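# Summary of structural features
The primary structure of each chain is shown beneath.
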Amino acid sequence: MNPITRRSFIMKSAAAVAGASVLAPGMLKAANHRGKDSIGFQSWIVRESIEKDFPGTLKEMAALGYNSIEMCSPPGYAKMGFGGLEKYKASELKKIISDAGFSCISCHYGFKELKEHGQERIDYAKEWGLQQMVLSSFGLPKTTTLSDWKTAADELNKIGELSKKSGIPMGFHNHNGEFEKLEGELIYDALMKQFDPSLVKMQFQVSVIGIGYKAADYFRKYPGRFISAHMYDWSGNGETMVPLGTGKVDWKDFFAAAKVGGVKNYFVEMKDGLEQSAKFLKGAV
């Protein structure tokens, strides 16, 4: 996810609303190929803690019910809380995460670092044991044309070709910006046409429900094109997000559609209500 977008969005996120609805037992397990017991979060939300004490941060997140982490590239996000991890070899970083009882199969990257250091990042990811590499954002300005978006998509196709040779799927993470229209076409749909499905998969950010777009609709519209999702629930008011199970997302429909879309992993990315969201994903309150 684009660093500025992450920061501004998290600041808008709201704390828990009491009385979470319960996910039907087995629903997540049916949708999640890695099993019901894999409860993931995106490391961006605890970046300040990671910079100070990575093992300690993992211990705290484990206490909240998490056992899977999606990382942000240490060199790519060095100035945003992850620079302290650059000193580790891939095997060392993998051991720290594993020793804390976590799995790590996915990591976010910036567009510039993938274009300039693509093979280096892929080699590190392979040694790390990653199963997914995800571009967090193209980082394009608001003046970008639809043609520019398509050109960026073509560039990611080329990077995806490199990662595929190493056996690691490349993914793309959306923001609200991809759900705007240019030249009468939704940018997201234009990207889906431009991406080579065999080279670039999608990571869907559920928070776009706040601007009128449901993840389930896109999972069904583009079957098999997705690998993961960033998890949020919507309060029904503006872009305010609430812990999973307390808002307006139809989770039964979401997980049924996610299976069609090919989603394999789920990562909570809300700073508030983390424990409540983990409990929801486990199917219990």
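What comes next is a walk through the structure. None of the values given here were measured: they were computed from a predicted structure.

## As for the overall build of the protein
- From N to C terminus, the protein includes 11 helices and 12 strands.
- When each of the 285 residues of the protein is scored for burial, the buried share is 54%.
- Within the protein, contacts between residues at least 6 apart in sequence are counted, and of these 78% link residues at least 24 apart.
- Element-wise, carbon and sulfur atoms account for 52% of the exposed surface of the protein, whose accessible area totals about 12100 Å².

## A look at the layout of surface pockets
- Size it by volume and the second largest pocket reaches roughly 210 Å³.
- Along its surface, the second largest pocket is lined by 10 residues, and Gly76, Gly110, Phe111, Lys112 and Glu113 are the ones closest to its centre.
- By residue number, the principal contributor to the lining of the second largest pocket is helix H6 (residues 111-128), which donates three residues.
- Across the lining of the second largest pocket, the residue classes tally to five nonpolar, three polar and two charged.

## Looking at the sheet that holds strand E9 (residues 226-231)
- On the basis of which strands lie adjacent, the closed barrel formed by eight strands has the order E1-E2-E3-E4-E5-E8-E9-E12 and parallel pairing. Recorded for the sheet is a direction-independent mean angle of 30° between the axes of neighbouring strands.
- One ladder, built from four bridges, connects strand E8 (residues 200-205) with E9; its direction is parallel. Note that in E9 the partner of methionine 202 across the bridge is phenylalanine 226.
- Of the strands in this sheet, strand E5 (170-173), E8 and E9 are in contact with helix H8 (residues 187-194), which crosses E8 at around 160°.

## Quick notes on the pairing of E8
- Burial analysis of E8 places five of its six residues in the buried class, which makes it a mostly covered element.
- With respect to chirality, the unit in which E8 leads through helix H9 (residues 215-221) into the neighbouring parallel E9 is right-handed.

## Observations concerning the pattern of salt bridges
- Under the criterion given, the structure shown has eight salt bridges.
- Between aspartate 189 and lysine 221 there is a salt bridge, and its shortest N-O distance comes to 3.1 Å. Taken as a pair, aspartate 189 in helix H8 and lysine 221 in helix H9 lie far apart in primary sequence, 32 residues in all.
- For aspartate 189, a relative accessible area of 13% translates into the label buried.

## Description of unusual backbone geometry
- Positive phi values are uncommon outside glycine, yet glutamate 183 reaches one of about 55°.
- Of note, glutamate 183 is situated in the loop between strand E6 (181-182) and strand E7 (185-186).

## Considering the packing of aromatic side chains
- Across all of its chains, the model carries 28 aromatic pairs by this definition.
- Taking the centre distance of 5.9 Å and the plane angle of 75° together, the rings of phenylalanine 179 and phenylalanine 204 count as edge-to-face. Within this pair, whereas phenylalanine 179 is found in the loop between E5 and E6, its partner phenylalanine 204 is found in strand E8, the two being separated by 25 residues in sequence. Across the pair, phenylalanine 204 and phenylalanine 179 agree in class, each one buried.
- Seen in terms of ring centroids, phenylalanine 179 and tyrosine 213 are 4.8 Å apart; in terms of plane orientation they differ by 45°. Their pairing is tilted. Here tyrosine 213 lies in the loop between E8 and H9 and phenylalanine 179 lies in the loop between E5 and E6, a separation of 34 residues in the sequence.
- One aromatic cluster in this structure is built from Phe179, Tyr188, Phe204, Tyr213, Tyr218, Phe219, Phe226, Trp251, Phe254, Phe255, Tyr266 and Phe280.
- Lying across the ring of tryptophan 44, arginine 47 places its NZ or CZ 4.0 Å from the centre.
- Here the guanidinium or amino end of lysine 115 rests over the ring plane of phenylalanine 111, the centre of that ring lying 4.4 Å away.

## Here we look at the packing of H6 against helix H7 (residues 146-165)
- Following both chains from N to C, one finds H6 and H7 inclined at 10°, their axes separated by 10 Å at the closest point. When the axis of H6 is compared with that of H7, the two are roughly parallel. Between H6 and H7, the contacting residues are Phe111, Leu114, Lys115, Gln119 and Ile122 on the first element and Ala152, Glu155, Ile159, Leu162 and Ser163 on the second.

Cut-offs and rules
Here the residue index of a chain counts from 1 through its sequence in written order. Predicted model: local features are reported for residues with pLDDT of at least 70 only, side-chain atom pairs are reported and counted for 80 or more only, and whole-chain, interface and lining totals are derived from all residues. Computation of side-chain values covers all heavy atoms of the structure but excludes hydrogens and water. The way it works is that DSSP assigns letters per residue, a run of H or I at least four long becomes a helix, a run of E at least two long becomes a strand, and they are numbered from the N terminus. Only protein chains enter the accessibility calculation, which uses a 1.4 Å probe; a residue whose area is less than 20% of its type maximum is buried, one above 50% is exposed, and one in between is partly exposed. What makes two residues a contact is simply this: any of their non-hydrogen atoms within 4.5 Å. Using a 1.4 Å probe, the Shrake-Rupley method yields the accessible areas, and only the shown protein chains count as cover for residues. Cavity means a closed set of points on a 1 Å grid over the protein atoms alone, one where a 1.4 Å probe fits but cannot get out, pocket means an open set with protein on both sides within 12 Å along at least 5 of 7 lines, and lining means a residue has an atom within 4 Å of a point. Grid points are joined across faces, edges and corners, and a volume is the space filled by probe spheres set on the points. Three categories are distinguished: nonpolar for Ala, Val, Leu, Ile, Met, Phe, Trp, Tyr, Cys and Pro, charged for Asp, Glu, Lys and Arg, and polar for the others, with Gly belonging to the last. Strand pairing is defined by DSSP finding a minimum of two bridges between the two strands. Each axis is a line fitted through C-alpha atoms, taken for helices only over the stretch in contact, and angles between the N-to-C directions span 0 to 180 degrees. Place the viewer so that the strands point away; then a crossover is right-handed whenever the path from the first strand over the helix to the second strand goes clockwise. The term salt bridge refers to a side-chain nitrogen of Lys or Arg lying within 4 Å of a carboxyl oxygen of Asp or Glu. The rule is short: rings of Phe, Tyr and Trp, with Trp giving its six-membered ring, pair when the centres are within 6.5 Å, and they are stacked under 30 degrees, edge-to-face over 60, tilted in between. Counting as a charge over the ring demands two things of the Lys NZ or Arg CZ atom: a distance within 6 Å of the ring centre and an angle within 35 degrees of the ring normal. Here the angle decides the label: under 35 degrees means roughly parallel, over 145 means roughly antiparallel, 65 to 115 means roughly perpendicular, and every other value means oblique.

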